[in-house]
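Architecture at a glance
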There are 2 protein chains.
Amino acid sequence: MEQEFSSTLLENAVTAFSRLPGVGRKTALRFALHLLRRDPDEAVSIGEAIIRMRQGIRYCSVCHNISEDEVCPVCSDPQRQKSIVCVVENVKDVMIIENTRRYFGLYHVLGGLISPVDGIGPDRLEIASLIERARSGDIEEIILATGATVEADTTNFYIYRLLSKSAPDVKITQLARGVSVGNELEYTDEATLARSIISRTPFEL
Amino acid sequence: MEQEFSSTLLENAVTAFSRLPGVGRKTALRFALHLLRRDPDEAVSIGEAIIRMRQGIRYCSVCHNISEDEVCPVCSDPQRQKSIVCVVENVKDVMIIENTRRYFGLYHVLGGLISPVDGIGPDRLEIASLIERARSGDIEEIILATGATVEADTTNFYIYRLLSKSAPDVKITQLARGVSVGNELEYTDEATLARSIISRTPFEL
């Protein structure tokens, strides 16, 4: 590709920034020029933070969440309930569930969802290691906490079939589907409303 | 501030990214998680490109454009017309004008515009050095190539007054204002249309 800027150093920085998701060359140039106007230490500390993060963070050997150690803080926390495992698509979903402060079990990060269109088969995901964990005998319940998409449904069904064969004693649950808290019926889509009628729960005060 | 993520390394990287213009913590987290999914070399090369850029790029001692050397490639190019200086607000404007491939003179980057509201006075800009260049005797024309904002008008007026006193022989020009090429009259604002009538030019084939 032809070089766009007179400075190769600027060119390289713009190319580097534009490898970030959703960042085009215009935004990348804005980032670079911003840093050039600021104190040199700021750019250095940003660059070093990126390098240190990537070199220092690995994946937990048990649940595949990000971790600075061999086993992540959740898996090694003696306070967490070891008999429940919450299966999520990615690392961010762990953060989202942790932020609710309502879940005290362990996690299992799949690293994606089965998607034949994108060429992602079950072997590219951490499904085999989930089955292995389930067969170890320590786990009583597995919560399938994926989103409500076609890929999530496919993945859940695939995991459900494997689990019911290899670990039939493990209870398999999924997140409740229904009307969002604070939402009016008028703004709830029909499919969700239908599910919320079928899955209605006893009224309790 | 309370730490948001379990990993300090992730926390630091998110904080670093969120110092970029227009990047909030959500986008910063997206950047970080993206890099964690990619090859470690990619994050390292991005980090290093940022650091190298900031440490290797300085400002041209003549025109204040970014440069890897004491004097920038434009100022040191023997092919460029040394008698014309185009005054621009910032480094990006130099790139924009260079991209037209219709300007062959030199530049002078002010580093901003006079803006009393933002507390930017003339002394914070490269105006004194422009006057000095104009007084050197090598310059025949100075093009005020700022935008068409109130701040630009203020800055241009300020520079014009100083130049007409200290370098009365230098011709001062500004970019033509008028209907955009390819634009219909219907979509041209009244102020621009009025200027384009006043500044009408001979019809030439």
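Data block above holds the structure.
An account of the accompanying structure is given in this report. (Residues numbered from 1 in each chain as written. Chains lettered and ligands numbered in written order. Predicted model: local features only at pLDDT ≥ 70, side-chain atom pairs only at ≥ 80, totals over all residues. Heavy atoms only, no water.)

Here's the deal with the sheet that holds strand S5 (residues 141-144) of chain B
Residues and elements named next belong to chain B. This is how the line gets drawn: Strand pairing requires that DSSP identify at least two bridges connecting the strands. Under the scheme used here, helices are H or I runs from DSSP no shorter than 4 residues and strands are E runs no shorter than 2 residues, and both carry numbers assigned from the N terminus. An axis is simply a line fitted to the C-alpha atoms; with a helix, the fit covers only the stretch in contact. Between two such axes, the angle follows the N-to-C directions and lies from 0 to 180 degrees.
On the basis of which strands lie adjacent, the open sheet formed by four strands has the order S4-S3-S5-S6 and parallel pairing. Two strands lie at the open edges of the sheet, namely strand S4 (106-109) and strand S6 (171-174), each paired on one side alone. When the angles between neighbouring strand axes are averaged without regard to direction, this sheet yields 25°. Examined bridge by bridge, strand S3 (residues 84-88) and S4 share four bridges and lie parallel to one another.

Focus: the environment of B:Ile66
As a reminder of what qualifies: Buried means the residue's accessible area, taken with a 1.4 Å probe over protein chains only, is under 20% of the maximum for its type, while exposed means over 50%, and partly exposed covers the values in between. Residues are treated as being in contact if the distance between any of their heavy atoms lies within 4.5 Å.
Residue position: B:Ile66 is located in strand S2 (residues 66-67). On the basis of relative accessibility, which here comes to 4%, the residue B:Ile66 falls in the buried class. Contacts of B:Ile66, omitting those with residues within four sequence positions, involve A:Leu10, A:Leu36, B:Ile57, B:Arg58, B:Tyr59, B:Cys72, B:Val91 and B:Met95.

Digging into the pattern of salt bridges
For the record, the criterion: The salt bridge definition used is simple: a Lys or Arg side-chain nitrogen within 4 Å of an Asp or Glu carboxyl oxygen.
Applying the stated criterion across every chain, the model contains nine salt bridges over all chains. For A:Glu98, the salt bridge identified is with A:Arg80, shortest N-O distance 2.8 Å. Linking A:Glu98 in helix H4 (residues 91-100) with A:Arg80 in the loop between strand S2 (66-67) and strand S3 (84-88), this pair joins segments that are 18 residues apart in sequence. Classification of A:Arg80 as buried rests on a relative accessible area of 11%. Of the charged contacts, one joins B:Glu70 and B:Arg58 as a salt bridge, the two residues approaching to 3.9 Å between their closest N and O atoms. Here the residue B:Glu70 occupies a position in the loop between S2 and S3, and B:Arg58 occupies one in strand S1 (residues 58-59), the gap between them amounting to twelve residues. By relative accessible area, which is 46% here, B:Glu70 ends up partly exposed.

Considering the interface of chain B and chain A
How we decide: Buried area: the accessible surface (1.4 Å probe) lost by two parts on joining, summed over both. Polar contact is the term for a pair of N or O atoms within 3.5 Å; when the atoms are in protein, one must be able to donate a hydrogen and the other to accept it, and sequence-neighboring residues count only if both atoms are side-chain atoms. Each residue gets one label: Ala, Val, Leu, Ile, Met, Phe, Trp, Tyr, Cys and Pro are nonpolar, Asp, Glu, Lys and Arg are charged, and the others, such as Gly, are polar.
Counting residues at the interface gives 50 residues for chain B, matched by 50 residues for chain A. Between chain B and chain A, roughly 4700 Å² of surface is buried when both sides are summed, and carbon and sulfur atoms account for 74% of that area. Scanning the region where chain B abuts chain A turns up zero salt bridges. Inspection of the chain B/chain A interface yields 18 residue pairs in polar contact (both at pLDDT 80 or more). Sorting the residues of the side of chain B that touches chain A by element identifies helix H1 (8-17), helix H2 (25-37), helix H3 (40-56) and helix H4 (91-100) of chain B as the ones contributing at least two each. Tallied by class, the residues present in the side of chain B that touches chain A amount to 29 nonpolar, ten polar and eleven charged.

Quick notes on the packing of aromatic side chains
All names here are of chain B. Cut-off, in case you're wondering: Put simply, two rings from Phe, Tyr or Trp (the six-membered ring, in Trp's case) pair if the centres are within 6.5 Å, and we call them stacked under 30 degrees between planes, edge-to-face over 60, tilted for the rest.
In the structure shown here, the tally under the stated rule is four aromatic pairs over all chains. Ring geometry for Phe 17 versus Phe 31: centroids 5.3 Å apart, planes at 80°, classification edge-to-face. With Phe 17 in helix H1 and Phe 31 in helix H2, this pair connects stretches of sequence that are 14 residues apart. Overall, the relative accessible area of 1% leaves Phe 31 in the buried class.

Looking at the relation of the copies chain B and chain A
To be explicit about the condition: A least-squares fit on C-alpha atoms brings the copies together, and the residues used are those whose pLDDT is at least 70 in both copies.
The two copies are related by a screw motion: chain B maps onto chain A through a turn of 180° and a shift of 0.0 Å along the axis, at an RMSD of 0.1 Å. Both copies of the chain, as the preceding transformation shows, are related through a two-fold rotation axis. Nearest to the rotation axis, the C-alpha of B:Gly47 is located 2.0 Å from it, this being the minimum over chain B. When the interface residues of chain B are mapped onto chain A, 100% of them again lie at the interface, so the same face is used by both copies.

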